[in-house]
Amino acid sequence: MKKNYVSMMGCGLLLIAMTACGNKAAQSGYPELDQWAQHVNDVKVRTIGYPCNMNIELERFYQWYTANELEKIMLNNVGDPFSESDGFSTNSCKFEREVIEWFGALYGFDKSEVWGIVTNSGTDGNSNGMYFGTNYLKNKTGKLPVFYVSDEAHYSNARLADVMHLELRLIKSDRMGRMIPEELEKNLDTKRPALVVYAFGSTFRGAIDNIDSLNAVFARHPEVEVYRHVDGALFAGYLPFTQYRELIDKNKHNYQSMAISGHKFFGMDEPAGVLITSKDVYAAQSQFKIAYLNEDMKMISCSRSATDALKFWWLIKNVGEERWCQDATLMLENTQYLKAKLDEIGWPAWVNEYSNTVFFRRPSDEMVKKYSLANNYDEQFGGAISHIVVMQHVTKELIDQFVRDIQQ
Ligand SMILES: Cc1ncc(COP(=O)(O)O)c(C=O)c1O
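Residues numbered from 1 in each chain as written. Predicted model: local features only at pLDDT ≥ 70, side-chain atom pairs only at ≥ 80, totals over all residues.

Draft legend 1. Looking closely at the sheet that holds strand β5 (residues 226-231). What the seven strands build is an open sheet, ordered β1-β7-β6-β5-β4-β2-β3; its pairing is mixed. In this open sheet, the two strands that pair with only one neighbour each are β1 (114-119) and β3 (167-171). Neighbour to neighbour, the strand axes of the sheet diverge by 20° on average, direction disregarded. As defined by bridge partners, strand β4 (residues 194-199) adjoins β5 across six bridges and the pair is classed as parallel. Bridge pairing links V197 to H229 in β5. Those strands touched by helix α5 (residues 122-141) are β1, β4, β5, β6 (257-261) and β7 (273-278), and its axis lies near 170° from that of β6. (Pairing = 2+ DSSP bridges. Helix = DSSP H or I, 4+ residues; strand = E, 2+ residues; numbered from the N terminus. Axes fitted to C-alpha atoms, helices over the stretch in contact; angles between N-to-C directions. Contact = placed C-beta atoms within 7 Å.)

Draft legend 2. Examining helix α8 (residues 211-219) more closely. Residues of α8 that are buried include every one of I211, L214, V217 and F218, and no others. The buried residues of α8 occupy an angular sector of 120° when projected down its axis, which confines them to one face. Looking at the packing, one finds that the buried side of α8 touches α7 (181-187), β4 and β5. (Buried ≥ 20, exposed ≤ 12 C-beta atoms within 10 Å, placed from the backbone. Arc of directions from axis to C-beta.)

Draft legend 3. The arrangement of the site of the ligand in detail. In the vicinity of the ligand lie 14 residues, with S121, G122, T123, H154 and A233 positioned nearest. Here the residues of the shell around the ligand sort into five nonpolar, eight polar and one charged. (Near = placed C-beta within 6 Å. Nonpolar A, V, L, I, M, F, W, Y, C, P; charged D, E, K, R; others polar.)

Draft legend 4. Up close: the pairing of strand β9 (residues 357-361). Counting buried residues in β9 gives four out of five residues, a clear majority hidden from the surface. As paired strands, strand β8 (residues 349-351) and β9 are joined by three bridges and run antiparallel to one another. Paired with V351 across the two strands is V358, which belongs to β9. Hairpin connection from β8 to β9: five residues lie between these consecutive antiparallel strands, with Y354 at a positive phi of about 65°. Here five bridges tie β9 to strand β11 (residues 383-389), and the two strands are oriented antiparallel to one another.

Right, here's the structure in full:
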């Protein structure tokens, strides 16, 4: 402890010295590395076409981390974080569990029932969610499920169906990108179990599948065993902090698992995520007894990042609910501001209900590059379109600048 305290002091002094002389651009001795560091610092604020929060608050975390010389330890959360037995000694599973319990509560999972892991990304969460759903249904019915997802959902879902050799039924979405319940019903195979992913929301148009209407389709076919996974990458991050929080409450809208990205709303500085499900779903998986690990290994990956679990824990304690409520409110307010500004200049633009994603007629290539816009093509909206995801760093001033540029 004494060593840690002394090294923390040392690190603090070094940092103060660096800040005092404004030495943000530290030299590595490798010019190409320094140029790259300068470049990402320059462009980060104008990176607005992708759902990343660039207002990252992990500076003190890194100070604490290096002050304790944790960069010299191979940390790893291998194994089931909820296992009673000890696994690999330098794990941070205690913090991972607390992170999962905190996220579980956001979506209505009781502390006693929740199970989950910190994942590498939203895709990794979807991957575990779909894998769990497949095993759950296979073990319950003896049959492989058919997989249903909308044609507007993130491509990772269809890709994962390919990896898992699941029969994919891509269900048509409506003009704004929501899965059409009648189309789901038309495509439903009533002889086989159903694995369904609900988009919350869709990547390009920011559409939220109407879970209740889609669940109503399954309710009309009680002979079909169903597992519902929610791909909540971005929207399930901010919506619990708004007046719309009940939209994602699993006690009001039945679903079995949820994947969220950590680097979208929550301000992780590298790809990370969370998978939330219940102990019942975990228990219903196929068993993989691995003698040299702490218990039954039912998830796909062996190793998981112990550092990401610590970062999530830190953000929950240091940014936390109150700030995230303010962030979410401001993001939705700025979304309406952007839409209104585009309307004012007569630039065709659209935004879904509850969404922070404004899509619009594609501006010049120069604008796309300058603002790192994400592009798409859709005849329903006149062809070439782009979008902006209004995250925490997308301020009204930046929106004004963007709209002035588009006019020119
Ligand atoms: C709806 C949706 N799901 C999944 C993903 C993939 O998430 P990740 O980049 O964290 O793997 C994205 C990424 O933008 C997304 O928008």
